[in-house]
Amino acid sequence: MSGKPKLHYFNGRGRMEPIRWLLAAAGVEFEECFIEKKDDLLKLRKDGSLLFQQVPMVEIDGMKLAQTRAILNYIAGKYNLYGKDLKERALIDMYAEGMMDLNELLMSYPFQPADKKEQHLANALDKTTNRYFPVFEKVLKDHGQDFLVGNQFSKADVQLLEILLMAEEYKPDILAKFPLLQVIEQCCFGFVLQKFKARVSNIPTIKKFLQPGSQRKPLPEEKDVQKAWKIFH
Amino acid sequence: MAGKPKLYYFNGRGRMESIRWLLAAAGVEFEEVFLETREQYEKLLQGGSLMFQQVPMVEIDGMKMVQTKAILSYIAAKYNLYGKDLKERALIDMYVGGTDDLMMLILVFPFLSAEDKEKQLAVIVQRATSRYFPVYEKVLKDHGQNFLVGNNFSWADIHLLEAILMVEEKKSDVLSGFPQLQAFKKRISSIPTIKKFLEPGSQRKPVPDDKYVETVRRVLRMYYDIKAN
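Basis of the calculations
Residues numbered from 1 in each chain as written. Chains lettered and ligands numbered in written order. Predicted model: local features only at pLDDT ≥ 70, side-chain atom pairs only at ≥ 80, totals over all residues. Heavy atoms only, no water. UniProt positions renumbered as here; feature names shortened; annotations may be inferred. Helix = DSSP H or I, 4+ residues; strand = E, 2+ residues; numbered from the N terminus. Phe/Tyr/Trp six-rings, centres within 6.5 Å; stacked < 30°, edge-to-face > 60°. Buried < 20%, exposed > 50% of the residue type's maximum accessible area, 1.4 Å probe, protein only. Lys NZ or Arg CZ within 6 Å of the ring centre and 35° of its normal. Domains from an automatic or database assignment. Buried area = accessible area lost by both parts, 1.4 Å probe. Salt bridge = Lys/Arg side-chain N within 4 Å of Asp/Glu carboxyl O. Polar contact = N/O pair within 3.5 Å; in protein donor to acceptor, adjacent residues only side chain to side chain. Nonpolar A, V, L, I, M, F, W, Y, C, P; charged D, E, K, R; others polar.

Going by the annotation in an unreviewed UniProt entry, the name recorded for chain B is Glutathione S-transferase, with Dryobates pubescens given as the source organism. The Sequence similarities (unreviewed entry) field of the UniProt record for chain B holds the comment "Belongs to the GST superfamily. Alpha family." UniProt's Catalytic activity (unreviewed entry) comment on chain B is quoted here verbatim: "RX + glutathione = an S-substituted glutathione + a halide anion + H(+)".

Quick look at the structure:
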């Protein structure tokens, strides 16, 4: 079945959002089929459309692809966002996997029980500023190039931008706040990340995605959390 | 830096085991550095060897690779175990994603409270027999080939065998409803490199015991119980 890729998920970010980002960054138009109630999910399962009975699922190039990584890797490979050789792929994968871990932490925050929320967020922000952001800051600083890998726009850059914006939603000044370990890194640290963010946001396809009316999903509200809970439990 | 890949992890399965399987299946000799003390781990951290402060870490082809999936993908591609084109890659990624989700349920098992262990065991068996095994059974039945993807031995086959054996350790007759998987298990187990890996004396690690759990907790200072899914 040719035509636009078709995304099956509920109307929210979750695990589908990185896929939306990547398609948007590749300039690929896509359709969305929203799961609104449990019956929608059950129907998809019954049809045999969901390999492991789970979403995300993306219909693309005649396949019904499941598993977020499989989908992201396929899109990245198809649209030349996966580096030029094995070693660049390895770097992209390493960075992307780290970002996925961080994404999990941030993404799961709205779904935490009320009494665990505060601690969860504190932990997530701590890891953001102490474990993950410093790594990418260093990568950019070390090679002084515009993009994370191989001086070329890749899936790693798209995922980084998504994470930076998501972290800022929780803590607007998060890019400015870093541990003062070494005097030299101190001056360039936040500045390089901010500069990077401005640069990637200007690429035409990403710019379009960041504008209102695009298919980018907002932060989940309480009603979205309840809805998701009802569908998946 | 040429030479054998060097694996940094605890002396046990955990997240490194799939990497050991893949290297062994590809016929690649590797060395291992076992983390036994907190000091060793801190030394690795201070040396900047662990990109996100975590293990597994594998020194390979001049890189200090971290993130299990990244390492596995690199090895699979390097040794031609990743299909012949993008679509086969996608299938392999999908199948490996499933077996990975299944094995994750088992990976956390030793770190659960006694009460949660019992519940988790039921979940493992239920997911294996109703969500995951049926998928691979059907794939094999539908195309009637010896391997999961593209009529060629790949990472997906190795990963599935690993998952089958791990679930069997929890319930020895778990394959009883799956004739294709039984044949698959026999077939893949007899591939020379894998046969060797399954023999005593190989670098395959045993089922995690209390000593392993204690080491991990001590080195990572992880003294809380993991919550079951």
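**Q** Run through the UniProt feature "domain: GST C-terminal" (unreviewed entry) in chain B, naming residues and quoting values.
**A** Here the UniProt feature "domain: GST C-terminal" (unreviewed entry) sits at residues 85–209 of chain B. Between the end C-alpha atoms of residues 85–209 of chain B there is a gap of 41 Å, over a span that is 69% helix and 0% strand.

**Q** I'd like to hear about the packing of aromatic side chains, residue by residue, with values.
**A** How two aromatic rings sit relative to each other is given by the distance of their centres and the angle of their planes. Under the counting rule described, the total for this entry stands at 16 aromatic pairs over all chains. Measuring from centroid to centroid gives 5.4 Å for Tyr82(B) and Trp155(B), while their planes differ by 85 degrees, and the two rings are edge-to-face. Placement of the pair is Tyr82(B) in the loop between helix 3 (68–78) and helix 4 (86–107) and Trp155(B) in helix 6 (residues 155–170), with a sequence separation of 73 residues. Classification of Trp155(B) as buried rests on a relative accessible area of 1%. On the basis of an interplanar angle of 85 degrees and a centroid distance of 5.7 Å, the ring pair of Phe133(B) and Phe178(B) is categorised as edge-to-face. A residue pair is termed long-range when its members are at least 10 positions apart, and Phe133(B) in helix 5 (residues 114–143) and Phe178(B) in the loop between helix 6 and helix 7 (179–189) qualify at 45 residues. Both residues of the pair, Phe133(B) and Phe178(B), belong to the buried class. Of the aromatic side chains, those joined through ring pairs into one cluster are Phe52(A), Tyr95(B), Tyr132(B) and Tyr136(B). Here the basic side chain of Arg89(A) rests over the ring of Tyr82(A), its NZ or CZ set 3.5 Å away from the ring centre. Above the plane of the ring of Phe109(B) lies Lys170(B), whose end atom (NZ or CZ) is 4.3 Å from the centre.

**Q** Before we move on, could you go through the domain arrangement of chain B and cite the residues and values that matter?
**A** Residue and element names in this part refer to chain B. Taken domain by domain, chain B consists of domain 1 (6–79 + 199–220) and domain 2 (86–191). The centre of domain 1, based on its C-alpha atoms, is set 22 Å off from the matching centre of domain 2. Around 1,600 Å² of area is buried between domain 1 and domain 2 when both sides are counted, 68% of it from carbon and sulfur atoms. Run the count over domain 1 and domain 2 and you get three salt bridges. With a shortest N-O distance of 2.8 Å, Arg13 and Glu169 are connected by a salt bridge. Between domain 1 and domain 2 we count three residue pairs in polar contact (both at pLDDT 80 or more) in total. Looking at the side of domain 1 that touches domain 2, the elements that each hand over two or more residues are helix 1 (17–25), helix 3 and helix 9 (210–220). Here the side of domain 1 that touches domain 2 is composed, by residue class, of 11 nonpolar, three polar and six charged.

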